[in-house]
Amino acid sequence: MTTPSPFGRVLTAMVTPMVPGGAVDERGLGSLVEHLLATGHDGLVVNGTTGESSTLTDDESVDTVHRVVELAAGRAKVVAGCGSNDTAHAVHMAGRMAQAGADGLLLVSPYYNKPTQAGLVAHCRAVADATELPVMLYDIPGRTGIPFAPETLLALAEHPNIVAVKDAKGDLWASTRSMADTGLLWFSGEDALTLPLLALGAAGTVSVVGHVAGAQYAAMVAAVDRGDLEQARTLHRSLVPVVDAVMSTSQGAIMAKAALVELGVIEHATVRLPLVESPPEHLTLLRAALATLPIPKDA
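Residues numbered from 1 in each chain as written. Predicted model: local features only at pLDDT ≥ 70, side-chain atom pairs only at ≥ 80, totals over all residues. Heavy atoms only, no water.

A. Spotlight on the pattern of salt bridges. The final tally for this structure, using the stated rule, is 11 salt bridges. Across the salt bridge formed by Arg-75 and Glu-34, the nearest N and O atoms sit 2.6 Å from each other. Linking Arg-75 in the loop between α2 (58-72) and β3 (77-81) with Glu-34 in helix α1 (residues 26-38), this pair joins segments that are 41 residues apart in sequence. Look at Arg-75 and you get partly exposed, because its relative accessible area is 44%. With its nearest N and O atoms 3.7 Å apart, the salt bridge here joins Arg-226 to Asp-228. Among the residues examined, Arg-226 registers a relative accessible area of 55% and is labelled exposed. We classify Asp-228 as partly exposed; its relative accessible area is 27%. (Salt bridge = Lys/Arg side-chain N within 4 Å of Asp/Glu carboxyl O. Helix = DSSP H or I, 4+ residues; strand = E, 2+ residues; numbered from the N terminus. Buried < 20%, exposed > 50% of the residue type's maximum accessible area, 1.4 Å probe, protein only.)

Here's what the structure looks like:
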């Protein structure tokens with residue numbers, strides 16, 4: 001990759017650690033940031049889907065971003081989720097995230113109300129106009145109900161602040177075309193497709209499994225950079241058990257928190273309703289998968 005990324009290249013969409021009862025766990029947040037920085041990350045995404053942004057208050061979201069900025073202390077870029085299905089609210093949150101010290105914004109397409117593509121363009125431009133921060137669009141139609149159409153990405157790429165896409169659409173040909181047509185930086189937003197997207201020219205990954213496999217994803221990015229696809233494939237295949245355990249049992253935030261508890265990074269796997277913690281059979285699968293990874297002694 002020759003174009004610099006303002007977001008870093010190996011990012012994890014961080015969970016928000018919580019204590020029993022649901023309050024944000026400040027000590028756990030510090031432990032998590034240190035763990036991620038020690039395992040190959042140069043970017044941290046805060047207040048995304050995996051961070052349970054939909055059940056955090058605005059103040060909790062902003063305070064968490066501010067705290068992560070302090071904890072990272074310039075050692076990694078901090079990207080803040082500011083998305084909403086209310087454009088005015090997204091604009092407001094973008095401003096607050098900038099004030100909290102974020103290095104960039106993650107902007108998911110509006111969910112539930114299913115705007116037209118013209119509405120999607122207007123929404124994203126309004127948020128991108130709200131600050132000077134670089135914006136990464138988040139294309140995940142399985143959650144939002146609306147994809148970014150190729151012509152929409154082409155139009156949005158004209159905005160100077162919109163510079164990247166987090167791609168969880170699962171359509172590699174559409175990704176190839178949009179990478180070629182728009183010049184936007186591309187990030188895998190689906191752990192199972194990180195290697196294919198890197199091979200197609202993606203800049204990096206915004207992972208969930210990176211909570212426990214950051215070193216492997218960093219090594220995969222480096223292997224693709226130097227043209228060592230054999231090593232990249234080896235890493236990709238080694239991650240099959242843990243990707244399945246985290247992403248295909250119940251739900252990413254639930255399983256990522258459970259995995260972090262297993263590794264001793266955070267104390268509690270608490271999630272907020274409507275999420276509920278992992279049942280014993282999922283934890284059994286998770287432990288077996290984690291045992292296939294070389295876990296750093298200080299993780």
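Here the narrative resumes, following the displayed structure.
B. Spotlight on unusual backbone geometry. Omega for the peptide link from Leu-273 to Pro-274 comes to 20°, which places this bond in the cis form. Positionally, Pro-274 belongs in the loop between α12 (252-262) and α13 (280-290). With phi around 60°, Glu-52 is a residue other than glycine that occupies positive phi space. Using a relative accessible area of 3% as the deciding quantity, one classes Glu-52 as buried.

C. Broad picture of the UniProt feature "binding site: pyruvate" (unreviewed entry) in the protein chain. Residues annotated by UniProt as "binding site: pyruvate" (unreviewed entry) correspond here to Thr-50 and Val-206. Annotated residues spanning 157 residues; largest pairwise C-alpha distance 10.9 Å, indicating a single compact cluster. Summarising the element assignment, Thr-50 is placed in the loop between β2 (43-46) and α2. Under the relative-accessibility criterion, Thr-50 is labelled buried at 9%. Setting aside residues no more than four positions away along its own chain, Thr-50 makes contact with Ala-13, Met-14, Val-15, Thr-16, Val-208, His-211 and Ala-253. (UniProt positions renumbered as here; feature names shortened; annotations may be inferred. Contact = heavy atoms within 4.5 Å.)

D. Seen up close, the nonpolar core. Core analysis: the biggest nonpolar cluster contains 82 residues, and Met-14, Met-97, Leu-137, Val-242 and Leu-286 have the highest contact counts within it. Ignoring anything within four residues of it in the chain, the contact list for Met-14 reads Leu-29, Leu-32, Val-33, Leu-36, Leu-44, Val-45, Val-46, Thr-50, Gly-51, Val-68 and His-211. Phe-7, Val-108, Leu-185 and Phe-187 belong to the second largest nonpolar core, which has 16 residues in total. (Core = buried A, V, L, I, M, F, W, Y, C linked by side-chain atoms within 4.5 Å.)

E. Main features of the UniProt feature "active site" (unreviewed entry) in the protein chain. UniProt annotation of "active site" (unreviewed entry) refers to Tyr-138 and Lys-166 when read in the numbering used here. Spatially, the listed residues are clustered: although they cover 29 residues, their C-alpha atoms lie within 4.7 Å of one another. Turning to its location among the elements, Tyr-138 is positioned in strand β5 (residues 135-139). Among all residues touching Tyr-138, those that are not within four sequence positions of it are Thr-49, Leu-106, Leu-107, Val-108, Ser-109, Phe-148, Lys-166 and Ala-168. Along the chain, the position of Lys-166 falls in strand β6 (residues 162-167).

F. Representation of the pairing of β6 in the model. Burial runs high along β6: 5 of the 6 residues are buried. In the sheet, β5 pairs with β6 via 5 bridges, with the strands oriented parallel. Bridging from a neighbouring strand, Tyr-138 pairs with Lys-166 of β6. Pairing of β6 with strand β7 (residues 185-188), which is carried by 4 bridges, proceeds in the parallel orientation. Paired with Asp-167 across the bridge in β7 is Ser-188. Handedness of the β6-helix α7 (residues 172-182)-β7 crossover: right-handed. (Pairing = 2+ DSSP bridges. Right-handed = clockwise from strand over helix to strand, strands pointing away.)

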